[in-house]
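# Fold and contact review
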Amino acid sequence: MSSTSSEIHERSNFEELQGDLFIASPPTNSLAHCISADLKMERGIAVLFKSKFGGVSELQEQSKRVGEVAYLVRDGKYIFYLITKEEYFHKPTHEDFERAVSDLRRLCDELGVSGLSMPRIGAGLDKLDLDYVKSVVRNAFDGSNTKVTMFYL
Ligand SMILES: Nc1ncnc2c1ncn2[C@@H]1O[C@H](COP(=O)(O)OP(=O)(O)OC[C@H]2O[C@H](OP(=O)(O)O)[C@H](O)[C@@H]2O)[C@@H](O)[C@H]1O
């Protein structure tokens, strides 16, 4: 019997939920957000990540480049930093954004991440189209064992 589109969506491992990422996200979920390679994290949700998790020198030591993902381990979960552009005043290209999201999927597979929470990555200060962002994340995680929740305020 063919499934309706909503049933197909229900079975997908990607969902959106209204709520503050740092309050509503299940405590065991890993987290992900976007930053620039200069690790400035001086605006937007990156400021909250920096104040909550610190680890700037740990991230620096990983010497990740644009299109790659650095991460910290905090309280048994992973905090992923998608490097989507060189400098804080740049905006990410689609290519770099997509490379970073697929690197995130690779890491989630490798590390066995079952739950991953993120904000509307790239769609705020970085001005990427929200539908584009959601489709990139959905496609990158298609068939993965990671349940992705995108939180929005
Ligand atoms: N607690 C919360 N719970 C849930 N959602 C929350 C939230 N707090 C904010 N949001 C929303 O989550 C979306 C994306 O939040 P952002 O706009 O920050 O991220 P972005 O990925 O577009 O941009 C990243 C670059 O911006 C930064 O600063 P600079 O580049 O240095 O200038 C970095 O360094 C990067 O490079 C926006 O809708 C926010 O409303």
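For the structure given in this document, a descriptive report is provided here. (Residues numbered from 1 in each chain as written. Predicted model: local features only at pLDDT ≥ 70, side-chain atom pairs only at ≥ 80, totals over all residues. Heavy atoms only, no water.)

## A word on the nonpolar core
Our working rule: To define a nonpolar core, start from buried Ala, Val, Leu, Ile, Met, Phe, Trp, Tyr and Cys residues and group those joined through side-chain atoms within 4.5 Å. Relative accessibility decides the category of a residue: with a 1.4 Å probe and only protein chains considered, values under 20% of the type maximum give buried, values over 50% give exposed, and everything between is partly exposed. Comment: elements are numbered from the N terminus, with helices defined as DSSP H or I runs of at least four residues and strands as E runs of at least two. Whether two residues are in contact is decided by their heavy atoms: any pair within 4.5 Å suffices.
Formed by 25 residues in total, the largest nonpolar core has its most connected members in L104, L116 and I121. Sorting the residues of this core by element identifies β2 (30–36), β4 (77–85), α5 (94–111), β5 (115–118), α6 (130–140) and β6 (147–152) as the ones contributing at least two each. Per element, the largest residue contribution to this core is six residues, and it comes from α5. If sequence neighbours within four positions are ignored, L104 has contacts with A32, V69, F80, L82, L116, M118 and F141. By size, the runner-up hydrophobic cluster in this structure holds 16 residues, among which are L39, A46, L59 and A70.

## Here we look at the sheet that holds strand β3 (residues 69–74)
In a beta sheet, neighbouring strands pair by backbone hydrogen bonds and run either parallel or antiparallel. Put simply, the test is: The rule for pairing is simple: two strands pair if DSSP sees at least two bridges between them. All axes here are fitted lines through C-alpha atoms, helices being fitted over the stretch that makes contact, and every angle between N-to-C directions spans 0 to 180 degrees.
Spatial ordering of the open sheet is given by β1-β6-β5-β2-β4-β3, a layout of six strands whose pairing is mixed. The sheet is open, and its two borders are formed by β1 (14–18) and β3, each paired with just one other strand. For this sheet, the mean inter-axis angle between neighbouring strands, taken without regard to orientation, is 25°. Pairing of β5 with β6 involves four bridges; the strand directions are parallel. Across the sheet, M118 pairs through a bridge with M150, a residue of β6. Of the strands in this sheet, β2, β3, β4 and β5 are in contact with α5, which crosses β4 at around 160°.

## Observations concerning the state of the cysteines
To keep it simple, the criterion reads: We call a pair of cysteine sulfur atoms a disulfide whenever their separation is within 2.5 Å.
Taken as a whole, this structure holds zero disulfides when the rule is applied. Not engaged in a disulfide, the cysteine C34 finds its nearest cysteine sulfur in C108; these two sulfurs lie 13 Å apart. For C108, a relative accessible area of 1% puts it in the buried group.

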